[in-house]
Amino acid sequence: MALYNFKKIMVVPSAKDFIDITLSKTQRKTPTVIHKHYQINRIRQFYMRKVKYTQQNYHDRLSQILTDFPKLDDVHPFYADLMNVLYDKDHYKLALGQVNIAKNLIDNVAKDYVRLMKYGDSLYRCKQLKRAALGRMCTIIKRQKQSLEYLEQVRQHLSRLPTIDPNTRTLLLCGYPNVGKSSFINKVTRADVEVQPYAFTTKSLFVGHMDYKYLRWQVVDTPGILDHPLEERNTIEMQAITALAHLRAAVLYIMDISEQCGHTLEAQLELFRNIKPLFANKPLIIVVNKCDVKRISELPEEQQNIFKELEAEELPVIETSTLTEEGVIKVKTEACDRLLAYRVDTKMKGNKVNDVLNRLHLAMPSKRDEKDRLPFIPEGALSRKRRMEVDSPRRKLERDLEMELGDDYVLDLHKYWDLMDTSEKYDKIPEIWQGHNIADYIDPSIMKKLEELEKEEELREAAGEYDSELESEDDEMMEIRQLAQQIREKKKLMVLESREKDKKGPKMPRTVKKVQQKTLEKEMSSLGLDISDKHNAYYAVQARRSRSISRKRKREESEAPTSVTRSRSCSQPPRDVSGLRDAKMVKKAKTIMKNSQKKMNRMGKKGEADRHVFDLKPKHLLAGKRKSGKTDRR
């Protein structure tokens, strides 16, 4: 039985798209130029090729659809029943049958028209036969519109189905809605199934994977099942029934002991009795969920008897809570172990195991004398075993010492060094630099020499060897030092004055502020500068020049206007009119100006940053096939 990968099924186009794709491909992949003066044999071959090519395209695409979609007789019964529940087996087979009939009809149409085309005696008749053949093929495809749409919907839904391997190790969760099946699969696997506090949150099968004993396991979460006859169950419930019927898995029947799911324990037990035939030949575990709310021991005696009856039937009953994760691992381990044992027993009962057992021989040695020969266990292994069994005080680790000593702890790794001479543990390790031992270049008496140098330096300072000769400085140097001191003091005063000013007011740059000439002369003279020739100084010359510029000239009195036109403004004429004789000359000047600016305007319309298409190739001239006629425009 073949296992299909439903995600690889090709897309099924609609009838309109099917026709457009095929006719477009025929037009692109076959010759398009024919003339009536060609030989009739060439004309027939031209149109036969188009008909055959179209028929082959339809045949290939329809065959691909029939091949990709799974055949219900070939797939695993689980998938066959699941597809029957989801898509209706009869409708599915009918749609594929219609597609198969359409493929055969198209083949027959092409065969008939190719036979007729052999008797076409002109280009017109051959062309009409080709049109009729392609038209009939397209009509056949148009009639399959509903089948193609149905198959595309089936393909989309199949691609979204989880990949379930019916033959691998599987745990199957079932029970009433809202009892905690999805929460359980989220805990034991890497799946992320939606969990909500209302019924039928899970509407389809979900699969999660986990590892146990170095094996890969799949866990299947089924939709909730209600207790009513099989004929009344809907599509959602039938998915769970199909999985229970066909998957060889360990079944976990989950019950809600707190009855928060809306169903009593008696109703849950009744559902268990009704679907128990589906559990035949499968390991079964009763999982009592939500024990964090209520436990079996807290139930009334009548309800406790329900679980005692189940245990009497040799069915394991395990209390769990997916909220606190209590018992979840126990359920997983128990279910996996039971399923592994069941699969081994099944294989042992099969015919294949006999071929293997014939090759196996288990040797049982017989006793040669009465002497006891106990197994030899090395002393090291025995001592390690005794240390594990007896709670003897374990060796203190550095971590323990650090916790005991606190801030007084100092990490000492030298004590663990394994040396021949234990006294060498704390010896200084030589530092090597570029192949040389640094200790070889250190003078052992360097500290003694340093002390002697320091004493010698103190004696020299006491003798006044480093004292500067102030008397050697001349009068000029003294004046410079004095002037520098005054400048420093002046700067400090200016800084203090600026700090005391109102900082919130508007600040003006130094260049804008005007300094009075007297103030400037006073400050300079106080600093020791000679300003006897102050009238020829730079600032005095600049002040005289600025005064002469700023003087206002008296306006000359103008004559009274003699006429109305003269009474207007006597301002200068516009620049584009000044110097021109008449209106004709103005017009000519403007024309010359425009012509001279044409090149600049043209260059200004595009630049390096502008978007520019370098080759304007007309697509209708360069795309597709060349038609009959002149081609010099290319």
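Let me begin by describing the structure that accompanies this report. All residue numbers here refer to positions counted from 1 along the written sequence of the relevant chain. Owing to the predicted nature of the model, reporting of local features is limited to residues with pLDDT of at least 70; listing and counting of side-chain atom pairs is limited to 80 or more, with chain, interface and lining totals taken over all residues. Neither water nor hydrogens contribute to the side-chain values; these are computed over all heavy atoms in the structure.

### A short note on the nonpolar core
Now for step 1: Core analysis: the biggest nonpolar cluster contains 110 residues, and Phe69, Leu151, Tyr253, Phe272, Phe279, Ile286 and Phe307 have the highest contact counts within it.
Now for step 2: A per-element tally of this core places helix α4 (residues 89–117) first, with 11 residues.
Now for step 3: In this description, contact between two residues means that some pair of their heavy atoms is separated by no more than 4.5 Å. Residues contacting Ile286, with those up to four places away along its chain left out, are Tyr253, Met255, Phe272, Leu310, Leu315, Pro316, Val317 and Ile318. Here, nonpolar core refers to any group of buried Ala, Val, Leu, Ile, Met, Phe, Trp, Tyr and Cys residues whose side-chain atoms link them within 4.5 Å. Throughout, exposure labels follow a simple rule: accessible area from a 1.4 Å probe, protein chains only, divided by the maximum for the residue type, with under 20% read as buried, over 50% as exposed, and the rest as partly exposed. What counts as a helix is a DSSP run of H or I of at least four residues, what counts as a strand is a run of E of at least two, and both are numbered from the N terminus.

### Some details on the packing of α4 against helix α6 (residues 145–160)
Now for step 1: Throughout, an axis means a line fitted to C-alpha atoms (over the contacting stretch in the case of helices), and angles, computed between N-to-C directions, take values from 0 to 180 degrees. One way to put it is that α4 packs onto α6 with a least axis distance of 9 Å and a crossing angle of 125 degrees. Considering the angle they form, α4 stands oblique to α6. Relative to α6, α4 is oriented so that their crossing is left-handed. Contact with α4, carried on its side by His91, Tyr92, Ala95, Leu96, Gln98 and Val99, involves Ser147, Leu148, Tyr150, Leu151 and Val154 of α6 and no other residues of that element.
Now for step 2: When residues are sorted by character, Ala, Val, Leu, Ile, Met, Phe, Trp, Tyr, Cys and Pro go into the nonpolar class, Asp, Glu, Lys and Arg into the charged class, and all the rest, Gly among them, into the polar class. Residues of the contact of α4 with α6, tallied by class, amount to 8 nonpolar, 3 polar and no charged. Just so you know how the angles are binned, under 35 degrees is roughly parallel, over 145 roughly antiparallel, 65 to 115 roughly perpendicular, and the rest oblique. We call a crossing left-handed when the near helix sits turned anticlockwise from the far one by less than a right angle, and right-handed when that turn is clockwise.

### Concerning the sheet that holds strand β6 (residues 317–319)
Now for step 1: Two strands qualify as a pair provided that DSSP identifies no fewer than 2 bridges between them. Strand order across the open sheet formed by 6 strands is β2-β3-β1-β4-β5-β6, with mixed pairing between neighbours. Edge positions in the sheet fall to β2 (206–212) and β6, since each of these pairs with one other strand and no more. Neighbour to neighbour, the strand axes of the sheet diverge by 25 degrees on average, direction disregarded.
Now for step 2: Running over the sheet, helix α10 (residues 301–312) touches β4 (250–256), β5 (284–289) and β6 and is turned about 130 degrees from β6.
Now for step 3: Set on the sheet, helix α11 (residues 328–349) makes contact with β1 (170–175), β2, β3 (215–221), β4, β5 and β6; between it and β2 the angle comes to about 85 degrees.

### Points about the environment of Phe46
Now for step 1: Topologically, Phe46 is positioned in helix α2 (residues 40–68).
Now for step 2: Taking the C-alpha atoms as reference points, Phe46 and Thr30, 16 residues apart in sequence, are found 8.7 Å from one another.
Now for step 3: Not counting chain neighbours up to four residues away, the residues in contact with Phe46 comprise Pro31, Thr32, Val33 and Ile34.

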